Amino acid sequence: KGFINLDILNYPQGKNQYNLSSPDNSFENTSITQEYIDSDYVIKEFFIDANINRRVYFRIGKQVIQWGRGFFFNPTDLINVEKKQFRDLDANRLGAYGLKAHIPLGHTINFYGFLDVGKEIDPHYFAWAGKIEFLLRNTEIALSGWNKKDSHAIYGLDFSSQIGSVDIFGEVAVSEKETLKEITPDLSINSTIEEWIPRASIGFRKSFDFLGHAKKISVTGEYYYNDAGYTEDVFDEAIKTGVFLLLDMYEPNNLSTQYGVLAIIYNNFLVRALTFSVNILGNLTDDSYIVMSGFRYSPVYDLTLQLTVSSFVADEGTEYSLTGNETVAEVEVRLAF
């Protein structure tokens, strides 16, 4: 069988797209080209499934891999091109090109392998990833690894379990070597090579009965530590911020050393099919936060109406002050067909 996920986009008033290039990775030689577009399309996933005697399962094409146990932070996700979006945790993400193999052995052990061919379809740039997943009493554990020619390996461990009525989950990833970059006062880039860089997340999920309804309210919390992150404010100066963004050195929600997420979901709020939620994302290093609350109404399976209000509680020069807005309201209508 096959599957395709295609986004067709139209911009009634047009859209300016900026392309950046810097041959020697310096600010002085960075060039910016501007392109005007009124429509675009994105193929997020396009793959074909097959199997050998229902013992070995294959998926070939552009695909999103379910890798890791984290709610929002996935340090063991070594494959996917696009990270989860805080404003829409259920959004369809951009897939990676490759071949996935899955070998299940009963209900207790699973073997996974993925050949990431990248965009160039050049064997020199192929990457390999593998994972073994097994059950130990009421705990699921997975060991994973990623490697690529002329690169350094990354190893991961993730787990999910239960303590009483509380679900717990976590991930740890360690990169063998990694190049860390920083912008010096004279706006040049200083690179240092560090060994054994760890990243880890730990979280919990608890559901509560309310007004006679089973598991009507759920609370999820997660903490993320990034040893490769900055411990100081990176965006404290406008010029320094410009260099940082122009050279594409900023990865959202992975800038600093410590982050946290708290998500509260109230199902069937007032009426059936109406969900009320409050999600808080915090950069605990620079003390900046996004507080997002909203309503989602799904009267039928393929129709969703959503209102979301996001507040940015952040001092100037911190990560979540970059938008320049204090509050943003969004209304969204989704129709799946």
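The structure displayed is predicted, hence computed values, not measured ones. (Residues numbered from 1 in each chain as written. Predicted model: local features only at pLDDT ≥ 70, side-chain atom pairs only at ≥ 80, totals over all residues. Heavy atoms only, no water.)

Re the overall build of the protein
Along the protein, the regular secondary structure elements total one helix and 16 strands. Taken over the C-alpha trace, the protein has a radius of gyration of 22 Å; the compact-globule value for 337 residues is 20 Å, and the two agree within 12%. Overall, the C-alpha framework of the protein stretches about 60 × 50 × 40 Å when taken along its three principal axes. Taking all 337 residues of the protein together, 34% fall into the buried category. Considering only contacts in the protein between residues 6 or more positions apart, those separated by 24 or more positions represent 48%. (Helix = DSSP H or I, 4+ residues; strand = E, 2+ residues; numbered from the N terminus. Rg over C-alpha atoms; globule rule 2.2 N^0.38 Å. Buried < 20%, exposed > 50% of the residue type's maximum accessible area, 1.4 Å probe, protein only. Contact = heavy atoms within 4.5 Å.)

What to know about the pattern of salt bridges
Under the counting rule described, the total for this entry stands at 12 salt bridges. The partner of Arg 93 in a salt bridge is Asp 77, with the nearest N and O atoms 3.8 Å apart. On the criterion of sequence distance, the pair formed by Arg 93 in the loop between strand S3 (56-63) and strand S4 (96-105) and Asp 77 in the loop between S3 and S4 is long-range, its members being 16 residues apart. Here Arg 87 ties to Glu 332 by a salt bridge, and the two come within 3.7 Å at their closest N and O atoms. Note that Arg 87 is positioned in the loop between S3 and S4 and Glu 332 in strand S16 (residues 327-335), a separation of 245 residues in sequence. Its relative accessible area of 37% is what places Arg 87 among the partly exposed residues. (Salt bridge = Lys/Arg side-chain N within 4 Å of Asp/Glu carboxyl O.)

Quick notes on the environment of Phe 134
By secondary structure assignment, the location of Phe 134 is in strand S6 (residues 127-136). Overall, Phe 134 belongs to the partly exposed group, its relative accessible area being 26%. Between the C-alpha atoms of Phe 134 and Asn 226, which are 92 residues apart in sequence, the distance is 26 Å. With residues up to four places along the chain from it excluded, the contact list for Phe 134 reads Thr 108, Ile 109, Thr 139, Glu 140, Ile 141 and Leu 143.

Focus on the nonpolar core
In this structure, Phe 72, Phe 73, Phe 244, Leu 255 and Leu 281 are the most contacted members of the largest nonpolar core, which totals 24 residues. Contributing elements (two or more residues each) for this core: strand S9 (166-183), helix H1 (238-246), strand S12 (258-266) and strand S14 (288-300). With three residues, the top contributor of residues to this core is S12. Contact partners of Phe 73, with chain neighbours within four places excluded, come to Glu 171, Ser 201, Glu 222, Tyr 224, Asn 253, Tyr 259, Val 261 and Leu 281. One finds Ile 65, Leu 78, Ile 79 and Trp 146 within the second-largest nonpolar core, a separate group that totals nine residues. (Core = buried A, V, L, I, M, F, W, Y, C linked by side-chain atoms within 4.5 Å.)

Some points on a negative patch on the surface
Together, Glu 182, Glu 232, Asp 233, Asp 236, Glu 237, Asp 287 and Asp 315 make up a negatively charged patch on the protein surface. Looking at the element boundaries, Glu 182 is found in strand S9. (Patch = residues over 30% accessible without salt bridge, like charges linked within 9 Å, V, L, I, M, F, W, Y side chains within 5 Å. Areas by Shrake-Rupley, 256 points an atom, 1.4 Å probe, with all protein chains shown as cover. Lys, Arg positive; Asp, Glu negative; His and termini not counted. Charge placed at Lys NZ, Arg CZ, Asp CG, Glu CD.)

A few points about H1
Every buried residue of H1 is accounted for by Lys 240, Thr 241, Val 243 and Phe 244. Here the buried residues of H1 occupy an arc of 165° about the axis, which is enough to place them on one side. Exposed positions of H1 whose direction lies more than 90 degrees from the buried face are Ala 238 and Ile 239. Considering only its buried residues, H1 is in contact with S9. Immediately beyond the C-terminal end of H1, within one or two residues, lies Asp 248, with a positive phi of roughly 55°. (Arc of directions from axis to C-beta.)

Some details on the environment of Gly 229
Position of Gly 229 among the secondary structure elements: in the loop between strand S11 (213-226) and H1. Along the chain, Gly 229 and Thr 285 lie 56 residues apart, while their C-alpha atoms are 9.4 Å from each other. If sequence neighbours within four positions are ignored, Gly 229 has contacts with Leu 255, Ser 256 and Thr 257.

A word on the pairing of strand S8 (residues 154-163)
Sheet analysis places strand S7 (residues 139-148) next to S8, joined by seven bridges and oriented antiparallel. The residue of S8 that forms the bridge with Ile 141 is Phe 159. Turn length for the S7-S8 hairpin, with the two strands adjacent in sequence and antiparallel, is five residues, and the turn residue Asp 150 shows positive phi of about 65°. Counted between consecutive antiparallel strands, the loop separating S8 from S9 contains two residues, among which Gly 164 sits at a positive phi close to 65°. (Pairing = 2+ DSSP bridges.)

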